[in-house]
Structures are given as structure tokens and as C-alpha cells.
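Listed below are the residues making up each chain.
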Amino acid sequence: MLKKMKADSYFIQINNFVLGLLILYLFCFTKINAQSAFNVNKQLNYCIQQVNKTVAANNSIGDINIPRSIDNNAKVWKYVDYKDWTSGFWPGILWYAYQFSHDNQFKIQAAKFSNELIPLAYSPAYDHDLGFQINCSIGNGFRLTQNKNYKKILLAAADTLATLFNPKVGTILSWPREVQSLGGHNTIMDNMMNLELLFWASKNGGNKQLYNIAVKHANTTMKNHFRKDFSGYHVVVYDSITGKKIKGITHQGYSDASMWARGQSWAIYGFTMCYRETHNPVFLDFAQKVAGIYLKRLPKDMIPYWDFDDKSIPNAPKDVSAAAVTASALLELSTFMTDKTKQEYYKSKAVSMLKEISTPKYQSCEVNNAILLHSTGHKPHNSEVDASINYADFYYMEALLRLKNMGL
Ligand code: GLY
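The text that follows walks through the structure, step by step, so that each part is easy to find. Because the structure is a prediction, the values reported are computed rather than measured.

Parameters at a glance
Residues numbered from 1 in each chain as written. Predicted model: local features only at pLDDT ≥ 70, side-chain atom pairs only at ≥ 80, totals over all residues. Heavy atoms only, no water. Helix = DSSP H or I, 4+ residues; strand = E, 2+ residues; numbered from the N terminus. Rg over C-alpha atoms; globule rule 2.2 N^0.38 Å. Buried < 20%, exposed > 50% of the residue type's maximum accessible area, 1.4 Å probe, protein only. Contact = heavy atoms within 4.5 Å. Areas by Shrake-Rupley, 256 points an atom, 1.4 Å probe, with all protein chains shown as cover. Lys, Arg positive; Asp, Glu negative; His and termini not counted. Charge placed at Lys NZ, Arg CZ, Asp CG, Glu CD. Pairing = 2+ DSSP bridges. Axes fitted to C-alpha atoms, helices over the stretch in contact; angles between N-to-C directions. Expected span 1.5 Å × (residues − 1). Polar contact = N/O pair within 3.5 Å; in protein donor to acceptor, adjacent residues only side chain to side chain. Near = heavy atom within 4 Å. Nonpolar A, V, L, I, M, F, W, Y, C, P; charged D, E, K, R; others polar. Disulfide = S-S within 2.5 Å. Phe/Tyr/Trp six-rings, centres within 6.5 Å; stacked < 30°, edge-to-face > 60°. Lys NZ or Arg CZ within 6 Å of the ring centre and 35° of its normal.

All right, on to the overall build of the chain then. Per the secondary structure count, the chain includes 15 helices and eight strands. The C-alpha radius of gyration of the chain comes to 23 Å, within 12% of the 22 Å expected for a compact globule of 408 residues. Expressed as lengths along the three principal axes of its C-alpha atoms, the size of the chain is roughly 95 × 50 × 50 Å. Within the chain, the proportion of its 408 residues that are buried is 56%. By sequence separation, contacts in the chain at least 24 residues apart represent 66% of the contacts at least 6 residues apart. Surface exposure of the chain reaches about 18200 Å², of which carbon and sulfur atoms provide 57%. Charged side chains of the chain number 44 positive and 32 negative; the gap between the two group centres comes to 8 Å.

Sheet architecture is open: three strands sit in the order 5-6-7, paired in antiparallel fashion. Looking at which strands have only one partner, the edges of the open sheet turn out to be strand 5 (185–188) and strand 7 (245–249). Taking each pair of neighbouring strands and ignoring which way they run, the sheet shows an average axis angle of 20°. In terms of strand pairing, strand 5 meets strand 6 (residues 235–238) through four bridges, oriented antiparallel. Within the sheet, the bridge partner assigned to Asn186 lies in strand 6 and is Val237. Where helix 10 (residues 209–224) meets the sheet, its contacts fall on strand 5, strand 6 and strand 7, and the angle it forms with strand 6 comes to roughly 100°.

A few words on unusual backbone geometry. It is generally the case that most residues other than glycine have a negative phi and that most peptide bonds are trans. Pro314 follows Ile313 through a cis peptide bond whose omega is 15°. Following the sequence through the fold, Pro314 ends up in the loop between helix 12 (281–297) and helix 13 (320–335). With a phi angle near 55°, Asp386 is a residue other than glycine that sits in the positive phi range.

Right, let's talk about helix 7 (residues 148–162) for a bit. Counting along an α-helix, one turn takes 3.6 residues, and residues three or four places apart therefore face a common direction. The terminal C-alpha atoms of helix 7 lie 21 Å apart, and with 15 residues this matches the ideal 21 Å at 1.5 Å per residue to within 8%. Tyr150, Ile153, Leu154, Leu155, Ala156, Ala157, Ala158, Thr160, Leu161 and Ala162 are the residues of helix 7 that are buried. The N-cap residue of helix 7 is Asn147: its side-chain oxygen and the backbone nitrogen of Asn149 are 2.7 Å apart.

What follows concerns the environment of Gly232. Relative to the helices and strands, Gly232 resides in the loop between helix 10 and strand 6. The exposure class of Gly232 is buried, given its relative accessible area of 7%. A sequence separation of 17 residues divides Gly232 from Ile249, and the C-alpha atoms of the two residues are 9.6 Å apart.

Note that Ser231 resides in the loop between helix 10 and strand 6. Here the side chain of Ser231 touches Arg227 through a polar contact of 2.8 Å, side chain to side chain. Among the polar contacts made by the side chain of Ser231, one reaches the side chain of Asp229 at a distance of 2.7 Å. The contacts of Ser231, once residues within four sequence positions are left out, are His225, Phe226, Met259, Gln264 and Ile293.

Before going further, it helps to examine the pairing of strand 1 (residues 66–70). Within a regular strand, side chains alternate between the sheet's two faces. For strand 1, the buried fraction is high: five of the five residues fall into the buried class. As paired elements, strand 1 and strand 8 (residues 388–389) share two bridges and run antiparallel to each other. In the sheet register, Ser69 faces strand 8, and the bridge partner there is Ile389.

The immediate surroundings of the ligand are formed by Trp85, Asp190, Gln252, Trp260, Arg262, Trp266 and Tyr391. Between the ligand and Trp266 there is a distance of 3.0 Å, counted from an oxygen atom to a side-chain nitrogen or oxygen. Relative to its free-state accessible area of 190 Å², the ligand is covered by the protein chains to the extent of 93%. Residue classes in the shell around the ligand are distributed as four nonpolar, one polar and two charged.

The tally for this structure, following the rule as stated, stands at zero disulfides. Cysteine Cys47 shares no disulfide, and the gap to the nearest cysteine sulfur, in Cys365, comes to 10 Å.

Turning our attention to the packing of aromatic side chains. One pass over the structure, following the stated rule, counts 26 aromatic pairs. Between the aromatic rings of Phe226 and Phe286, the centroid separation amounts to 4.9 Å while the plane-to-plane angle is 80°, which identifies the pairing as edge-to-face. Taken together, the positions of Phe226 in the loop between helix 10 and strand 6 and Phe286 in helix 12 put the pair 60 residues apart, joining distant regions of the chain. A relative accessible area of 11% means that Phe226 is categorised as buried. The buried category is assigned to Phe286, whose relative accessible area is 8%. Ring geometry for Tyr345 against Tyr346: centres 5.2 Å apart, planes inclined by 65°, an arrangement best described as edge-to-face. Residue classification places Tyr346 among the buried positions, given a relative accessible area of 6%. A connected cluster of aromatic rings, assembled from ring pairs, spans Trp85, Phe89, Tyr96, Phe132, Trp266, Tyr269, Tyr391, Phe394 and Tyr395. For the cation-ring pair, Lys112 lies above Phe113, with the distance from its terminal atom to the ring centre recorded as 4.3 Å.

Set out below in C-alpha cells:
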């Protein structure tokens, strides 16, 4: 009798073990399937199709030939010249199209538009956007071609950008033209993105001091640009002489106290990049903190409203550009996680964002020639609200290529 009971108990234990294995298998299978259901190549081919449409329907006038944005309900791109802050994104998109397709026509176009930006590297710095302009265009060009001339331009641009650094404050002056109106040395969150050019130059034959400038800027921003919950101010104003922080305010957000979506995305991307370049765990920890508040406050569909604190939510416009920047950043962040659960967490959040962006709700398809709809540029100025904007397309393609390179 005792023997039979023992045998029964073993039988039940084995059964439970098999059942457990089955549940684990189903759980993993569903998870893997959910991720692999996203076809990266299909989305990149869609991007190529839209880029080809933009190239073919060239409505530019003379030097004003860089497609920047398409207003809600409009059909055609608004074009800008090489001085515009977004001028690097179109050549960047063309470089990404070349990277994916290996089509030489894209390489020719990418080089043509990148070359237009060269004077920026050798002129006095207008503002911090020089980093976006040169790194997204010529930076990607160099990465893909190893063209020595591009390297020279990148090094020159990094030196030009560094002229805006104020050692007393410990940051780059983002907008020299706004010193008077804002009441001092100003640094905006977006500026975090442009440290990448300085890091790159310091490691590729440029002045080693550029590395220290980038690290100092990141540390000063970490100290002054965030509230207790790790949401960021868009702008921090400092006393140019003493270096003391005067105030944290907004420029493109809903209010001084709000979390402007794209600003937070720049922070997630910027601190992740700082960890990549320095291996300083403080930056890795901080990137997770600024990502944490963003992820916690996202709406269900993973695409933020243009500002997390707009009182008119859910009737406020979305900002897909912030979602694209964040997706790209989280993919990189996931690669730095030694903990498998965290790695999977950031990767799956990024994939969920990309899946949603890749639906007909957000892809332009036949609506216009851009890749994506529903980004918001400058809501307080009522400019590019719920529009197609080139930087959303750029970071979407970047995120897709990152995902592809991760082998998912
Ligand atoms: N860098 C300006 C913006 O994010 O709109």
C-alpha cells in the first residue's frame, strides 16, 4: 500500500514536471513568435519604396532641396536648404537606404546631399545642431564608405561644435542666438545627441579634449536637467560667467514642468550613447532611469502624445518621431544589459513600438511620400503638428536597421 502511494506520488510529480515544461515551451514559443511576427525586411522595403517616391517627385527649388516635412493633409514636402537644423536627416535616410539595398543610386544621392552640408563644418558654429546635421549625413557616409574626405569634414565639424563649449558651465551653448532672450548660457536636452560627434572625433584622430568636453556636458546635464522622477526639462539656463544654474524651462513642450516627449527620447538615446562611448556605468544606470519614466507613462499603443502632460490628452497630437528615437535607443540599450530579463525587456519594448509604428495608422503609404505620419515638431508655435517629419523617418529606418543587425 505504502509502495503504491509512493509510486502514485512520483507519477504526479513527473506529470507536473512535464506539464511545467509544456507551459514553459508554450510561453517561450508565443513570445518568440510575437517577436518574429515582425518582418523587418518588409518594413525596410516599404521605406525604400517611399524614399524612391520622394526622389522621383522632386519638387525642390534650387538650393532649397532638402525634404523636411509634410503638413497634415498636404501632399508635398516642404524643402529647406543645408543650413536648416534638419538638413542631415535626408542624406542620412539615403545612406540608410543604400545600407539596406546596396543600390548605388542611393549612394550617389546620399553623397550629393551630404556634400551640400560641407560648408557647415568650416563656418563658425551657428548652434549645437551642427552635430545632427553632420553626423547623420557625413557620419553615416563615412561609416559606410570610409571616404577619407568625409573623415576630414567630421573632424573639422567636431572642432567647430566644441567652440560652443563653456568650461565654466560645463556644457555646450546650444543656442547662441538665444542667450539674451533666455537670460544666459542655454543648453537643451537635444544637445545630448550631438556629443556623439565629439566622442567619434576624439577616437578617430581628433583632439582628445573633445572626449572630456562630451563627458563634462553629459555629467552637467545629468545633474541639472532632470526632476526627481527623471523627467527632463527641455532647456536649462545657466549664468554664463559663474556657471550656476538659473532655471529649467521649456521651449517646445507643454509647460516648464511637463515632460516633452521628444526631449525625453533625446535623453534616453543620448545617455545610452554616452555609455557606449565611455563604458561608465553611471550613464548606463541613468539611461535606464530616464527610459523608466518614459515607459511607465506611455499610452497603451506605445506612441507618446507630443507631451506627456498636455491637459487635452487623449485628444492631443501624437509624436511618432519620439517613438522612433526611443525605439532605436532601447534596442541599443538592450545590448548593454548583462541581465537577460532586462535585455529582453528593452528589446521587446522597442519591437512593440516598431510594430505599432509599422501599422497603416502611422505609415504614410499612399497618403504622401514620407515614410511616417503623425509627428509633432513645435506644438507651441503650431508648426509641424501631426505632420510627416524627416527625423521621424530617419530614426525609424535606423531602428529597423539596428533590429535587423541584431538578427531578429
Ligand atoms: N532638436 C529640435 C527638436 O527636437 O525639435
